[in-house]
Amino acid sequence: MSKWLKNILAIVILAFLIWYLAGHRQQLSAMLKLNPNHLPVLYGLLFLASLTTARVVQSLLATLDTKTPFWEMVWLQNASLLLNYAPMKFGTLFRANYLKRHYGLVYSRFAPFFLYLMFLMTATAAGIGLLTLVMAYGLSSYENKIMAGVFAAAVIGSMCFLLVPLPLPKGSGRLMSLLRNFITGRRQIAGQAKTIFTSMLFLGVSFLFTGLRLWIIYRCIGSDIHLTGCFILGAVGFVVLFVSITPGALGIRELVLASGAVVLGVPLEVGILAAMIDRAVILSYVFVVGGVCTLWLWHKSPADFKKQQNNTISQDVKTVD
């Protein structure tokens, strides 16, 4: 799917959501009570989440013998969030190039780090969502069973990548060397059980911040959704981010969060409004804080933002036999 089709799809979905909200404007006008005084709290929760994620990034990179300063990873994390709204998920490409230029992490080692981080996030979020759903809401309804099945599938699929051993391929050539580099990097990370455990704890705290942010938004618009329900919605929102087909899951995340809210007993129009307010908070945070971090990184090293024309793939081919 081309980048233009993804952007068009996001616009179409957002247009539908706005149209739906317009049809319920009389009911919603009395519910929109988001106090500007709550914005610093919501931004603070987003920043705290970026701190915990940056700490996980730093820990996973250390397993690949790549030592990075914590605060530099915080700036890089926030800058990547902003740049991921550009086509082709430029934030991920920028992070890979930055770590290669400044810390020598070749792309074939960045790939296992990045995938391990994504699957670790997915397993943690889905695990929290599944546990909360079973304990707080049960599995009596058909909708809850479907949601539990999605969470369970996400956990199982993620754990397969995290734990199932892969043999080192034999043979010569560029492709085999890249595969060996990738699998060796994956083994290095997987062999650090303590790092993985602590990373999951940090990610769990990060998702608690997300659930608390959603709960504050729901309370501001007059909904009495339970805090545990917001933890479930936060988990659903992240799983969608992992499989998103639009920049930042724009539109897709809002639609799925609203559908998840219906399963938890929240009216659809309220779920859509809360999801769109949350998106507005995220976007304003990303463009302000992410923009500042991006400018700081650009000031620190302008060459990182220039197109590189060297043969980077050939530099990544290193035999690890």
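Our structure's up above, just so we're on the same page.
Note that the coordinates shown come from a computational prediction; the quantities given were computed from them, not determined experimentally.

The rules behind the values
Residues numbered from 1 in each chain as written. Predicted model: local features only at pLDDT ≥ 70, side-chain atom pairs only at ≥ 80, totals over all residues. Heavy atoms only, no water. Helix = DSSP H or I, 4+ residues; strand = E, 2+ residues; numbered from the N terminus. Buried < 20%, exposed > 50% of the residue type's maximum accessible area, 1.4 Å probe, protein only. Contact = heavy atoms within 4.5 Å. Areas by Shrake-Rupley, 256 points an atom, 1.4 Å probe, with all protein chains shown as cover. 1 Å grid on protein atoms, 1.4 Å probe; cavity = no way out; pocket = protein on both sides within 12 Å on 5 of 7 lines; lining within 4 Å. Points joined across faces, edges and corners; volume = space filled by probe spheres on them. Core = buried A, V, L, I, M, F, W, Y, C linked by side-chain atoms within 4.5 Å. Expected span 1.5 Å × (residues − 1). Axes fitted to C-alpha atoms, helices over the stretch in contact; angles between N-to-C directions. Parallel < 35°, antiparallel > 145°, perpendicular 65-115°, else oblique. Left-handed = near helix turned anticlockwise from the far one by under 90°. Phe/Tyr/Trp six-rings, centres within 6.5 Å; stacked < 30°, edge-to-face > 60°. Lys NZ or Arg CZ within 6 Å of the ring centre and 35° of its normal. Lys, Arg positive; Asp, Glu negative; His and termini not counted. Salt bridge = Lys/Arg side-chain N within 4 Å of Asp/Glu carboxyl O. Polar contact = N/O pair within 3.5 Å; in protein donor to acceptor, adjacent residues only side chain to side chain. Patch = residues over 30% accessible without salt bridge, like charges linked within 9 Å, V, L, I, M, F, W, Y side chains within 5 Å.

A.B. asks: So what's going on with the overall build of the protein? Residues and values would help.
C.D. replies: Check the secondary structure of the protein and you find 13 helices and 0 strands. Reading the protein from its N end, one meets helices and strands in the order α-α-α-α-α-α-α-α-α-α-α-α-α. Residues classed as buried in the protein amount to 50% of the 321 residues present. Summarising the internal contacts of the protein: among those between residues at least 6 apart in sequence, 73% fall at separations of at least 24. When the accessible area of the protein is evaluated, it comes to approximately 15,400 Å², of which 70% is carbon and sulfur surface.

A.B. asks: With reference to specific residues and values, describe empty space enclosed by the protein.
C.D. replies: A full pass over the atoms with the stated rule returns 1 cavity of 30 Å³ or more. One number sums up the size of the largest cavity: a volume of about 30 Å³. Lining the largest cavity, in full, are L214, Y218, L233, L257, G271, A274 and A275. Those elements that provide at least two residues to the lining of the largest cavity are α9 (193-220) and α12 (268-300).

A.B. asks: Can you tell me about the nonpolar core, naming the residues and giving the values?
C.D. replies: Within the largest apolar cluster, 77 residues are counted, with the highest numbers of intra-cluster contacts made by L99, F113, L117, F151, Y218 and L233. When residues of this core are assigned to their parent elements, the largest contribution, 13 residues, is made by helix α6 (residues 107-136). Dropping the residues within four chain positions of it, F113 is found in contact with V57, L60, L61, L64, R95, L99 and I189.

A.B. asks: Before we move on, could you go through helix α3 (residues 39-63) and cite the residues and values that matter?
C.D. replies: With 25 residues, α3 extends 37 Å from end C-alpha to end C-alpha; this agrees with the ideal 36 Å at 1.5 Å per step. Positive backbone phi, approximately 60°, marks D65, located one or two places after α3.

A.B. asks: Which residues make up the packing of α3 against α12, and what values do they have?
C.D. replies: With their axes 10 Å apart at the nearest point, α3 and α12 run at an angle of 65° to one another. Taken as axis vectors, α3 and α12 run roughly perpendicular relative to one another. The crossing of α3 and α12 is right-handed. Residues L39, L42, Y43, L46, F47 and S50 of α3 pack against V281, I282, S284 and Y285 of α12.

A.B. asks: Outline unusual backbone geometry, listing residues and values.
C.D. replies: Positive phi, normally seen in glycine, also occurs at D65, with a value near 60°. When its relative accessible area of 65% is taken as the criterion, D65 is described as exposed.

A.B. asks: Residues and numbers for the environment of N181, please.
C.D. replies: With respect to the secondary-structure elements, N181 resides in helix α8 (residues 174-190). Considering only alpha carbons, one finds N181 and L168, 13 residues apart in sequence, at a separation of 9.1 Å.

A.B. asks: I'd love a proper account of helix α4 (residues 70-83), names of residues and values included.
C.D. replies: Here α4 contains 14 residues, and its C-alpha end-to-end distance of 20 Å stays within 8% of the 20 Å for a straight helix at 1.5 Å per residue. Across the 14 residues of α4, 10 count as buried, placing the element largely inside the fold. Listed as buried for α4 are E72, M73, V74, L76, Q77, N78, A79, S80, L82 and L83. Those residues of α4 that are buried lie in contact with α3, α5 (90-103) and α12.

A.B. asks: Go over the packing of aromatic side chains with me, naming the residues and quoting the values.
C.D. replies: Evaluation of the coordinates by the stated rule reveals 9 aromatic pairs. Taken together, F70, W71, W75 and W296 form an aromatic cluster joined through their ring pairs. Across from the ring centre of Y107, 5.3 Å away, lies the NZ or CZ of K100, which sits over that ring. The ring of F161 carries R186 above its face, with NZ or CZ at 5.2 Å from the centroid.

A.B. asks: Got a sec to walk through the side chain of R109? Specific residues and values, please.
C.D. replies: Structurally, R109 is set in helix α6. For the buried residue R109, which engages in no salt bridge, the nearest side chain bearing the opposite charge is D65, 5.9 Å off. In terms of polar contacts, R109 uses its side chain to reach the backbone carbonyl oxygen of N181, at 3.2 Å. One polar contact links R109 to Q188, side chain to side chain, over a distance of 2.8 Å.

A.B. asks: Kindly report on a nonpolar patch on the surface, identifying the contributing residues and their values.
C.D. replies: Taken together, L131, V134, M135 and L139 make up a surface patch of nonpolar side chains, about 400 Å² in accessible area. Within the secondary structure layout, M135 lies in helix α6. According to the relative accessible area criterion, M135 is exposed, its value standing at 66%.

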